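Here are the chains, one letter per residue:
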Amino acid sequence: MTTNPSRNRRLIGLLLFAVLFVSALASLAAVAAVMRGSSKPIEVSVELADSVFRPALVEIPADRPISLRLRNIGGLEHDWSVDALAFSPNVRAGQEAVVELVAPTGIYEVYCSLPGHREAGMVGTLAAR
Ligand SMILES: [Cu+2]
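Just so you know, these numbers come straight off a predicted model, no measurement behind them.

Participant: Would you mind going over the packing of aromatic side chains with me for this structure?
Facilitator: Within a pair of aromatic rings, the relevant descriptors are the distance that separates the centres and the angle that separates the planes. Applying the stated criterion across every chain yields a total of one aromatic pair. Geometrically, the ring pair formed by W80 and F87 is edge-to-face, given 6.3 Å between the ring centres and 85° between the ring planes. Above the face of the Y111 ring, R118 is positioned so that its terminal group lies 3.9 Å from the ring centre.

Participant: Honestly, the sheet that holds strand β1 (residues 42–49) in this entry has me stumped. Any pointers?
Facilitator: To summarise the sheet geometry, strands pair through backbone hydrogen bonds and adopt either a parallel or an antiparallel arrangement. Across the sheet, four strands lie side by side as β2-β1-β4-β7; this open sheet has mixed pairing. Each end of this open sheet is capped by a strand with a single partner; those strands are β2 (52–54) and β7 (96–101). Between one strand axis and the next, the sheet turns through 25° on average, direction left out of account.

Participant: Is there a simple way to think about the coordination of the copper ion in this case?
Facilitator: In an ideal octahedron of six donors the angles at the metal are 90 or 180 degrees, and in an ideal tetrahedron of four donors they are 109.5 degrees. Listed as protein donors to the copper ion are H78 (ND1), C112 (SG), H117 (ND1) and M122 (SD); their distances from the metal cover 2.0 to 2.7 Å. With four donor atoms in place around the copper ion and angles of 79 to 139° between them, the coordination shape is irregular. Considered as a linear motif, the donors of the copper ion on their single chain read H-x33-C-x4-H-x4-M. With a gap of 34 residues between them, H78 in strand β5 (residues 78–79) and C112 in the loop between β8 (106–111) and β9 (123–128) connect regions that are remote in the sequence. Here the two residues H78 and C112 agree in accessibility, since each one is buried.

Rules of the game
- For every chain, the first residue of its written sequence is number 1, and the numbers climb from 1 along that sequence.
- Only residues with pLDDT of 70 or above have their local features reported here, since the model is predicted, and side-chain atom pairs are shown and tallied only from 80 upward, although totals for entire chains, interfaces and linings are computed over all residues.
- As a rule here, side-chain values come from all non-hydrogen atoms in the structure, and water together with hydrogens is ignored.
- Side-chain rings of Phe, Tyr and Trp, where Trp is taken by its six-membered ring, are said to pair if the distance between their centres is within 6.5 Å; with planes under 30 degrees apart they count as stacked, over 60 as edge-to-face, and otherwise as tilted.
- A ring is considered to have a charge above it if a Lys NZ or an Arg CZ atom is located within 6 Å of its centre and within 35 degrees of its normal.
- Pairing between strands requires that DSSP locate at least two bridges from one strand to the other.
- Numbering of helices and strands runs from the N terminus; a helix is a DSSP stretch of H or I covering at least four residues, while a strand is a stretch of E covering at least two.
- Each axis is a line fitted through C-alpha atoms, taken for helices only over the stretch in contact, and angles between the N-to-C directions span 0 to 180 degrees.
- Metal donors: N, O and S atoms at distances within 2.8 Å, or within 3.2 Å for Na, K and Ca, with water omitted from the atom set so that some sites may seem incomplete.
- Every angle between 85 and 135 degrees makes a four-donor site tetrahedral, while opposite donors more than 155 degrees apart, with all other angles between 65 and 115, make a four-donor site square planar and a six-donor site octahedral; other sites are irregular.
- The buried label applies to any residue whose accessible area, calculated with a 1.4 Å probe on protein chains only, is under 20% of its type's maximum; exposed applies above 50%, and partly exposed to all values in between.

What follows is the structure in structure tokens.
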């Protein structure tokens, strides 16, 4: 059997090109999938009870739209106020609200601004990382 070294080199070159081309396509597909995922809001739920937030600590990714579901399971009106973000959605007793929240990196104090509720224990922390 005879071998033609220059033909073999061309074949290897072509094969290498095909492998690189396919892996480049796969990387593009992976990037597109990640970008699609990042545009979808992240859902977070918090219960507002008389007189506690559950969970008290809410951790979210920074600078990403969060769909925050606030369920008031108590018998009183409550809110989930974050002064640093000028954010204060209010929810009536037995109702729920879904609000969008975007927070830069930081640790924020959360409290219920209704009279006496903060003092009664309606405090929490929002951590955006
Ligand atoms: Cu309250």
